[in-house]
Amino acid sequence: MGGPRITIVGASLAGLRTAEALMAELPGARVTLVGDEPHLPYNRPPLSKDGIEALAQGETPETEVFDKLVLRSKLAPGQVEMRLGTAATGIEGGDVRLADGTLIRSDWIVAATGIRPRRLALSGAMDRRHVLRSFDDARALAAGLRPGARLVVIGAGFIGCEIAATARKLGLHVTLIEPAPQPMLRALGARVAAAMAAFHRRHGVTVLTGRSLERIEADRVILDDGQAIEADLIVEALGSLPNTEWLAGSGADLGDGVLLDARLIAEGTENLLAVGDIARFANPLFDAVPRRVEHWCVPGQTAKRAAETIAARTRGEDPAPDFAPMPSFWSDQYGLRLQAFGAPTLAETQTVVEGDLSRIGAAPVIVEYARAGQLVGVIGLGANPATLARHRARLVAALAPSSPALSSNVTA
Amino acid sequence: MKVHVDMSICLLHGQCVIAAPEIFSFDDAGGLVWVAEIDEVQAGDAEAASDACPEQAIVLG
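Not measured: the values here are computed from a predicted model. (Residues numbered from 1 in each chain as written. Chains lettered and ligands numbered in written order. Predicted model: local features only at pLDDT ≥ 70, side-chain atom pairs only at ≥ 80, totals over all residues. Heavy atoms only, no water.)

A word on the overall build of chain A
Phase 1 of the analysis: A count of helical and extended segments in chain A gives ten helices and 26 strands.
Phase 2 of the analysis: Relative to its length of 412 residues, chain A is compact, with a C-alpha radius of gyration of 22 Å against a globular reference of 22 Å.
Phase 3 of the analysis: Each principal axis of the C-alpha atoms in chain A carries an extent, and together these give about 65 × 55 × 35 Å.
Phase 4 of the analysis: Here chain A, with 412 residues, has 55% of them falling under the buried criterion.
Phase 5 of the analysis: In the form shown here, chain A has an accessible surface area of approximately 16900 Å², with 52% of it arising from carbon and sulfur atoms. (Helix = DSSP H or I, 4+ residues; strand = E, 2+ residues; numbered from the N terminus. Rg over C-alpha atoms; globule rule 2.2 N^0.38 Å. Buried < 20%, exposed > 50% of the residue type's maximum accessible area, 1.4 Å probe, protein only. Areas by Shrake-Rupley, 256 points an atom, 1.4 Å probe, with all protein chains shown as cover.)

Structural notes on the pattern of salt bridges
Side-chain pairs of opposite charge can arise where the charged atoms are in close proximity.
Phase 1 of the analysis: Per the stated rule, a full pass over the model turns up 35 salt bridges over all chains.
Phase 2 of the analysis: A:D136 is the salt-bridge partner of A:R139, the closest N and O atoms lying 2.8 Å from each other. A residue pair is termed a helical-turn pair when its members lie 3 or 4 positions apart in one helix, as A:R139 and A:D136 do in helix α4 (residues 135–142) at three residues.
Phase 3 of the analysis: Ionic contacts of the salt-bridge type, sharing partners, join the residues A:R17, A:E20, A:K74 and B:D51 into one network. (Salt bridge = Lys/Arg side-chain N within 4 Å of Asp/Glu carboxyl O.)

Re unusual backbone geometry
All names here are of chain A.
Phase 1 of the analysis: Here the phi dihedral of M184 falls at roughly 50°; this positive angle occurs in a residue that is not glycine.
Phase 2 of the analysis: Relative to the elements of secondary structure, M184 occurs in the loop between β11 (173–178) and α6 (185–188).
Phase 3 of the analysis: A relative accessible area of 5% means that M184 is categorised as buried.
Phase 4 of the analysis: Phi angles above zero are rare outside glycine, and A372 is one such case at about 50°.
Phase 5 of the analysis: Owing to a relative accessible area of 48%, A372 belongs among the partly exposed residues under this scheme.

Describing the pairing of strand β23 (residues 336–342) of chain A
All names here are of chain A.
Phase 1 of the analysis: Taking burial as the measure, the seven residues of β23 include seven buried ones, the bulk of the element.
Phase 2 of the analysis: Alignment of strand β22 (residues 328–333) against β23, held across six bridges, turns out to be antiparallel. Note on β23: the bridge partner recorded for W330 is Q339.
Phase 3 of the analysis: Counting the residues in the hairpin turn of β22 and β23 gives two residues, including Y334, whose phi is positive at 55°.
Phase 4 of the analysis: The pairing of β23 with strand β26 (residues 374–381) spans five bridges and is antiparallel. Bridge pairing in β26 links A340 to I379. (Pairing = 2+ DSSP bridges.)

Describing the interface of chain B and chain A
You'll often see interface size given as the accessible area lost when the parts meet.
Phase 1 of the analysis: Between chain B and chain A, the contact holds 18 residues from the first and 21 residues from the second.
Phase 2 of the analysis: Of the roughly 1500 Å² buried at the junction of chain B and chain A (both faces included), carbon and sulfur atoms supply 45%.
Phase 3 of the analysis: Among the residues of chain B in contact with chain A, B:H13, B:D51 and B:Q56 are the three that bury the most area, contributing 39% of the side total.
Phase 4 of the analysis: Our count for the chain B to chain A interface comes out at one salt bridge.
Phase 5 of the analysis: For A:K74, the salt bridge is made with B:D51, and the minimal N-O distance between the two is 2.6 Å.
Phase 6 of the analysis: Scanning the region where chain B abuts chain A turns up eleven residue pairs in polar contact (both at pLDDT 80 or more). (Contact = heavy atoms within 4.5 Å. Buried area = accessible area lost by both parts, 1.4 Å probe. Polar contact = N/O pair within 3.5 Å; in protein donor to acceptor, adjacent residues only side chain to side chain.)

Describing the side chain of A:R83
Residue and element names in this part refer to chain A.
Phase 1 of the analysis: Positionally, R83 belongs in strand β3 (residues 81–84).
Phase 2 of the analysis: Looking at R83, its side chain comes within polar contact range of the side chain of D100, at 3.2 Å.
Phase 3 of the analysis: Excluding residues within four positions of it along the chain, R83 makes contact with T32, L33, V34, G35, L98, D100 and T102.

Some details on the domain arrangement of chain A
Residues and elements named next belong to chain A.
Phase 1 of the analysis: Its domain assignment divides chain A into domain 1 (5–116 + 241–314), domain 2 (119–238) and domain 3 (335–406).
Phase 2 of the analysis: In this structure, domain 1 and domain 3 have C-alpha centres spaced 30 Å apart.
Phase 3 of the analysis: Between domain 1 and domain 3, the contact holds five residues from the first and seven residues from the second.
Phase 4 of the analysis: Summed over both sides, the interface between domain 1 and domain 3 buries roughly 500 Å², with carbon and sulfur atoms accounting for 65% of that surface.
Phase 5 of the analysis: Among the residues domain 1 hides against domain 3, the three largest losses belong to L285, F286 and R291. Together they make up 85% of the total.
Phase 6 of the analysis: For the pair domain 1 and domain 3, the number of links is one salt bridge.
Phase 7 of the analysis: Where D287 meets R371, a salt bridge forms, and the shortest distance between an N and an O atom there is 3.0 Å.
Phase 8 of the analysis: Summed over the shared surface of domain 1 and domain 3, the number is two residue pairs in polar contact (both at pLDDT 80 or more).
Phase 9 of the analysis: Counted by class, the side of domain 1 that touches domain 3 contains three nonpolar, no polar and two charged residues. (Domains from an automatic or database assignment. Nonpolar A, V, L, I, M, F, W, Y, C, P; charged D, E, K, R; others polar.)

Points about empty space enclosed by the protein
Rolling a probe over the atoms, with the probe sized like a water molecule, indicates the empty space that remains.
Phase 1 of the analysis: The final tally for this structure, using the stated rule, is one cavity of 30 Å³ or more.
Phase 2 of the analysis: Taken as a whole, the largest cavity spans an internal volume of roughly 110 Å³. (1 Å grid on protein atoms, 1.4 Å probe; cavity = no way out; pocket = protein on both sides within 12 Å on 5 of 7 lines; lining within 4 Å. Points joined across faces, edges and corners; volume = space filled by probe spheres on them.)

What about the confidence of the model for chain A?
Phase 1 of the analysis: Scored by pLDDT, chain A comes out at a mean of 95, with 97% of its residues at no less than 70.
Phase 2 of the analysis: Here residues 403–412 of chain A scores under 50 on pLDDT; set against residues more than four positions off or in separate chains, the count is 17 contacts. (pLDDT = per-residue confidence, 0-100.)

Here's the deal with the packing of aromatic side chains
Residues and elements named next belong to chain A.
Phase 1 of the analysis: Using the criterion set out here, one finds seven aromatic pairs over all chains in the structure.
Phase 2 of the analysis: An angle of 90° between the planes, with centres 5.5 Å apart, marks the rings of F199 and Y334 as edge-to-face. Taken as a pair, F199 in helix α7 (residues 190–202) and Y334 in the loop between β22 and β23 lie far apart in primary sequence, 135 residues in all.
Phase 3 of the analysis: What makes F199 buried here is its relative accessible area of 4%.
Phase 4 of the analysis: Taking the ring centre of F341 as reference, the NZ or CZ of R392 above it sits at 5.5 Å. (Phe/Tyr/Trp six-rings, centres within 6.5 Å; stacked < 30°, edge-to-face > 60°. Lys NZ or Arg CZ within 6 Å of the ring centre and 35° of its normal.)

Remarks on the sheet that holds strand β6 (residues 103–104) of chain A
Residues and elements named next belong to chain A.
Phase 1 of the analysis: The strand order β4-β5-β6 describes an open sheet built from three strands, whose pairing is antiparallel. The sheet terminates laterally at β4 (88–92) and β6, the two strands that pair on one side only.
Phase 2 of the analysis: Where β4 meets strand β5 (residues 95–98), four bridges bridge the pair, whose relative direction is antiparallel. Considered in β5, the bridge of E92 is made with D95.

Structure, rendered in structure tokens:
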């Protein structure tokens, strides 16, 4: 008798790591990895930095730029069946239907379809408007990143800010437009976000916060205050939407991604799991609120967990009850490394424990984030990794489930 | 098993130090140091570190 038939939909980092973890845990599993992109699984974070820089400079052949992004895999050739270049369109009777009509019989389905960029609800200048999620997006954007060109970035989250920084390095004029009062505000909190806004301005970016777009004309954009900004190139970096439409009818809660229990099984289903950017689950390190987290580490952490669940259930067991991965994320802008641990976004207060926020980029800064007096996150800006590692250890200790400070602060 | 880090690729994210603290660590100057030769018991940790590296800079052999 063969092992369980497991269909993983989405062949990026989360899908690939899930396939690898499954083959390690369940060598007899019959795994199919489905992906809508024609490319082999590749790494996305460099796309907004070195990736578009190399593509824009054009000195390195495109294939070589891509080869550097391809994720090294522990899978032996043929160990899982790869169905690249084909999207899944739905679930029918517990099996996965592909766009080419194929039905893939499945005992388990792992959704790893990730996210897509949210687009502006405005028409105009479509040939100059870009988003950045895929290698093909990066290729299209890079073609317009010429020195002296005028770039307008709509949305100052991490991707928007990284693109702005890369474009400055390439010699473009850059305007960054953000409806919130500061760039990266939700992730970094007001004080650090304000310091990052000043850091971008010092690097020559026109940062316009509290502003949104009124309309887009042939060669300029008009803001809600009437201001007109010339634009050869527009990047929409407005956040993302989960690719979960194909799961309609699965019984899962698709309110924002896929609502999962601690085993990463979708609530309301028996054999559907989700991993990566679309996985919405509660992290007991912080509280009982399910959240979707778009960090690079999440795919690896959830892939391992999903494989443990399927392997345990295949053996007729239950996986270990708790899933409490420590969040970690980073960004690189103008050569400055921003490195975060925990969940700064949940904090109410920020305390600079080393350095000076007005000197970001010139000297190391470390900021601690607290909620109700409880340490929930730490961010280093240009910090010595050894120093930051000690702060991370402090955070791990503070968030340990045995910590009395935490249990008294847990709220649903 | 041999452990090698391609320092021309490494960007000091420190994910390996988190995944396998007995193999990878930072010295006081913030440089990455690692145990170049590990036994089979540590192989799983080394592989976890390699998977966690966003730059794919860790080579195991």
